[in-house]
Amino acid sequence: MPRRLRYKRVLLKLSGEAFGPRGSAGIDLAEVAKIAAQIDSVSRKVELAVVVGGGNIIRGAQFSERGMNRATADHMGMVATVLNALALQDALERRGVETRVMSAISMEDLCEPYIRRRAIRHLERKRVVILAAGTGNPYFTTDTTAALRATEIGAQALLKATQVDGVYSADPRKVKSAKRYDALTYMDVLKGRLKVMDATAISLCMDNALPILVFDSHVPGN
């Protein structure tokens, strides 16, 4: 008998780093194609929404640290996520996957506005819904967007794709002695100030009992 799936509807959080060339900025279409291939496989089994980051193009927080108005910098970061969303949509549709890009900032010539009920309807029709432009508000990360949207659409789990194989006490790419955790409570993450997701996102998941599954996005099949 085929294995029964644990979740019917999930939200996948992809960082901007996943879209870019290793160690540099921009969009690597070969990497986007790899992401699309894995999403194609998953979307045949579950209802799938995707929140994308924009750090491969611009990080609003870094610009604000250099003197730019924080709201302006964050809005620039939101626009960057739309670029990634459109690249992912193109890669998925070339594979025959029906998609919708929904933006929290109005840009109707490029994508639909984010409307919760409409997003759920797309999911019910087995379309991959790509959610761009964060929450539409400055001062909130795309991690928080992922937690918020997952809660809004009734996702049963938040899948957090990272550049390493799980959650560590520090960045294992920089700290060789970093400890890897097999499982953590929400409070473990908050008290330990672990950087897997920001505190607002973790708190929102905790309040709504939303499981977070962390995995290495570079391993096919994960």
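Quick look at the structure, then. Predicted model only: the values in this text are computed from it and were never measured.

## Topic: the environment of Arg-66
Right, on to step 1. Positionally, Arg-66 belongs in the loop between helix H2 (60-65) and helix H3 (70-93).
Right, on to step 2. Distance from Arg-66 to Ala-155, taken between C-alpha atoms, is 37 Å for residues 89 residues apart in sequence.

## Topic: the pattern of salt bridges
Right, on to step 1. Within this structure, the stated rule accounts for 17 salt bridges.
Right, on to step 2. Put simply, Arg-100 and Glu-98 hold a salt bridge, and the shortest N to O gap is 3.7 Å.
Right, on to step 3. Between Glu-98 and Arg-127 there is a salt bridge, with the nearest N and O atoms lying 2.9 Å from each other. With Glu-98 in the loop between H3 and strand E3 (99-103) and Arg-127 in the loop between helix H4 (116-124) and strand E5 (128-132), this pair connects stretches of sequence that are 29 residues apart.
Right, on to step 4. Among the residues examined, Glu-98 registers a relative accessible area of 41% and is labelled partly exposed.

## Observations concerning the sheet that holds E3
Right, on to step 1. Strand order in this open sheet of seven strands is E4-E3-E5-E2-E1-E6-E9, and the pairing throughout is parallel. Every interior strand has two partners, whereas the edge strands, strand E4 (112-113) and strand E9 (212-216), have only one.
Right, on to step 2. Bridge count between E3 and E5: five bridges; the pairing is parallel. Bridge pairing in E5 places Met-102 opposite Leu-131.

## A closer look at the pairing of strand E2 (residues 47-52)
Right, on to step 1. Within E2, six of the six residues are buried, leaving the element largely enclosed by the surrounding structure.
Right, on to step 2. The alternating pattern of E2 places Glu-47, Ala-49 and Val-51 on one face and Leu-48, Val-50 and Val-52 on the opposite face, and all of these are buried.
Right, on to step 3. Pairing of strand E1 (residues 9-14) with E2, which is carried by six bridges, proceeds in the parallel orientation. Among the inter-strand pairings, Val-10 is bridged to a residue of E2, identified as Leu-48.
Right, on to step 4. Taking the sense of rotation as the criterion, the β-α-β connection linking E1, helix H1 (residues 29-43) and E2 turns out right-handed.
Right, on to step 5. One ladder, built from three bridges, connects E2 with E5; its direction is parallel. Bridged to Val-50 within E5 is Ile-130.

## Examining the pairing of E1
Right, on to step 1. Within E1, six of the six residues are buried, which leaves the element mostly enclosed by the surrounding structure.
Right, on to step 2. The sheet contact formed by E1 and strand E6 (residues 157-162) spans five bridges and is parallel. Paired with Leu-12 across the two strands is Leu-159, which belongs to E6.

## Side note on the packing of helix H5 (residues 142-153) against helix H7 (residues 199-207)
Right, on to step 1. One way to put it is that H5 packs onto H7 with a least axis distance of 7 Å and a crossing angle of 20°. Between H5 and H7, the crossing angle belongs to the class labelled roughly parallel. As H5 runs across H7, the sense of the crossing is left-handed. Listed contacts from H7 to Asp-143, Thr-144, Ala-147, Leu-148 and Thr-151 of H5 are Thr-200, Ala-201, Leu-204 and Cys-205.
Right, on to step 2. Among the residues forming the contact of H5 with H7, the class breakdown is five nonpolar, three polar and one charged.

Calculation rules
Residues numbered from 1 in each chain as written. Predicted model: local features only at pLDDT ≥ 70, side-chain atom pairs only at ≥ 80, totals over all residues. Heavy atoms only, no water. Helix = DSSP H or I, 4+ residues; strand = E, 2+ residues; numbered from the N terminus. Salt bridge = Lys/Arg side-chain N within 4 Å of Asp/Glu carboxyl O. Buried < 20%, exposed > 50% of the residue type's maximum accessible area, 1.4 Å probe, protein only. Pairing = 2+ DSSP bridges. Right-handed = clockwise from strand over helix to strand, strands pointing away. Axes fitted to C-alpha atoms, helices over the stretch in contact; angles between N-to-C directions. Parallel < 35°, antiparallel > 145°, perpendicular 65-115°, else oblique. Left-handed = near helix turned anticlockwise from the far one by under 90°. Contact = heavy atoms within 4.5 Å. Nonpolar A, V, L, I, M, F, W, Y, C, P; charged D, E, K, R; others polar.

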